[in-house]
Amino acid sequence: MTTTDLRPDRRDSTKPVADPRHNSTFTLLVLLTGVFMALLDFFIVNVALPATQQDLHASSAGMQWIVAGYAVALACALVTGGRLGDLFGRKSMFIMGLILFTAASGVCGMAPNQGVLIGARVAQGLGAAVFMPQILGMIGVAFSGARQVRAFTAYGLTAGLGAVFGQLIGGALIQADPFGLGWRSVYWINLPIGLGAALLAVRALPNVQRGRRIKLDLVGGGTLTLAVLALVLPLVEGRQDGWPLWAWFALAASPVLLALFYAHQRRLIGRGGQPVLNPVLFKQRAFAVGMPIALIYNISVGSFFFVLALYLQQGRGMTALHSGLLFVGLGLPYLATSMRSGKLAARFGRKLMIFGCLVQGAGYGLLDLTVHEAGAGRSICWLIPAMAVVGGGMGLAYAPMFGVVMGGVNPEHSSSASGLLSTVQQIGGATGIAVAGIIFFDGLGPRPGDAAFTSAFGDSLLLLTAVSVLSGGLMRLLPGTGAGTKSAKSAETAKSVK
């Protein structure tokens, strides 16, 4: 199978045109491998946390950072990663990002302590932030017509599979214990896959001709990073350190840094620059309202997987494999509803997402009630019906969010807007892990027993219930069904973007 460079359209020398020889399954599989790895690595570590904590003697804050560090790095570097693709070529940045991600995975697999592991997880997130933005861009130029529609659909399905079944894959790896690696196998598995994908990408992917010159907004990106760290760092470390004065100063500094970031973006656009955040985006109601909604809603997603994995393994004594298998009870309903959410969003618009949030919140509440019953000695399988409700609601609320929020954005700003939305979603996930971790670990106390785990998990679920209901209420501020219909075209193709 041969590949050649994309040839420029004679009518527009800056616009790349898809070569039919890149309209292939080979090209798509290489791109989707990157999607799967990036989403998988956010969730796969959850089932490995108890074994990791025992082996490395990690603290509760350390376990939170193992998950949140990846999300924070990914969130803060996504937009810059997209700019790097514009500057140096999407193919080159896809390969370089994969190499960084794979090398960092190897360091994770050899980490002697929690500090090295957390640092390597941050490097993983940076690598994912470099290659992830290139994937949708290359699908857009390497495929055309019906094949392009199917490629975008495959992108969404692959992202969902990586997110939902990460726990099962991680549990199976730990149970199989290849070469006696234990929990480290969830990182080592990335080496053959990542290196193989990087080598195949040299042959499979198109060389997209660069368009207009793009400049990096290093000041804006740095200020945004500091604002996110000022929020997440004290939430993770503050509880363990007894809420020292620096934690409160950092929390107070976060909104100030965000205000400085926004002011810098306005000044930069006024001087004709290219900011990370273009303020004109917030003139569109769906985007202006949708960004804080995406932030709040995603607080409930990553944090749920985090505390559930800890409860199942440490509180109920389940193995990593059995814990991962239980997640299938959530994953299958999620896939079933998310695959139909595009068509349903075209008909019902924001009402579908509101309904999904309420169903998801009801599932958390039902799971809270069930946990207290199961905690008294009943089979863990009693949790499956409530988890199925959560998964079904999540598919209806989360899957169409990208399309509904992006529906009114000017195509000229779609790349920047999608990167910002993905950034906000990751920030929400990292914040959720930090906040839920405070509730969960505070509830455990110094000598946790079965009752303490049940209470701590139940308290965390109450938070998630409240966040889901709040998200559903805020979604009433989104544009009505008309806008939802307009956005359904993009919802069908990009419904699982993070």
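Each value, and the rule that gives it
- Residues numbered from 1 in each chain as written.
- Predicted model: local features only at pLDDT ≥ 70, side-chain atom pairs only at ≥ 80, totals over all residues.
- Heavy atoms only, no water.
- Helix = DSSP H or I, 4+ residues; strand = E, 2+ residues; numbered from the N terminus.
- Buried < 20%, exposed > 50% of the residue type's maximum accessible area, 1.4 Å probe, protein only.
- Contact = heavy atoms within 4.5 Å.
- 1 Å grid on protein atoms, 1.4 Å probe; cavity = no way out; pocket = protein on both sides within 12 Å on 5 of 7 lines; lining within 4 Å.
- Points joined across faces, edges and corners; volume = space filled by probe spheres on them.
- Nonpolar A, V, L, I, M, F, W, Y, C, P; charged D, E, K, R; others polar.
- Salt bridge = Lys/Arg side-chain N within 4 Å of Asp/Glu carboxyl O.

Student: Sorry, what's going on with the environment of glycine 62 here?
Tutor: Mapped onto the elements, glycine 62 comes out in helix H3 (residues 60-88). The exposure class assigned to glycine 62 is buried, which follows from its relative accessible area of 2%. Each C-alpha atom, one on glycine 62 and one on glutamine 114, is 6.4 Å from the other, the two residues being 52 residues apart in sequence. When near neighbours in sequence (up to four residues on either side) are disregarded, glycine 62 contacts Gln114 and Ile118.

Student: For this particular structure, what's the right way to read the layout of surface pockets?
Tutor: Where empty space is left becomes clear once a probe the size of a water molecule has been rolled over the atoms. Of the volumes computed, that of the second largest pocket is approximately 490 Å³. For the second largest pocket, the lining is made up of 19 residues, of which Leu224, Leu258, Leu295, Val424 and Ile427 are closest to its centre. Elements that contribute at least two residues to the lining of the second largest pocket include exactly helix H10 (218-240), helix H11 (245-270), helix H12 (285-315) and helix H18 (414-444). Sort the elements by how many residues they give to the lining of the second largest pocket and H18 lands first, with five residues. Split by residue class, the lining of the second largest pocket holds 16 nonpolar, three polar and no charged.

Student: Looking at this model, I keep getting lost on the pattern of salt bridges. Mind explaining?
Tutor: Where side chains of opposite charge bring their charged atoms close, a pairing between them can arise. Using the criterion set out here, one finds two salt bridges in the structure. A salt bridge links aspartate 41 to arginine 121, with the shortest nitrogen-to-oxygen separation between them at 3.5 Å. A residue pair is termed long-range when its members are at least 10 positions apart, and aspartate 41 in helix H1 (residues 25-43) and arginine 121 in helix H5 (residues 114-142) qualify at 80 residues. The class of arginine 121 is buried, set by a relative accessible area of 0%. Here arginine 184 makes a salt bridge to aspartate 55, at a shortest N to O gap of 3.5 Å. In this pair, arginine 184 sits in the loop between helix H7 (166-176) and helix H8 (185-188) while aspartate 55 sits in helix H2 (residues 49-56), placing the two residues 129 residues apart along the sequence. Note on arginine 184: relative accessible area 18%, which makes it buried. Assessed through its relative accessible area of 40%, aspartate 55 is described here as partly exposed.

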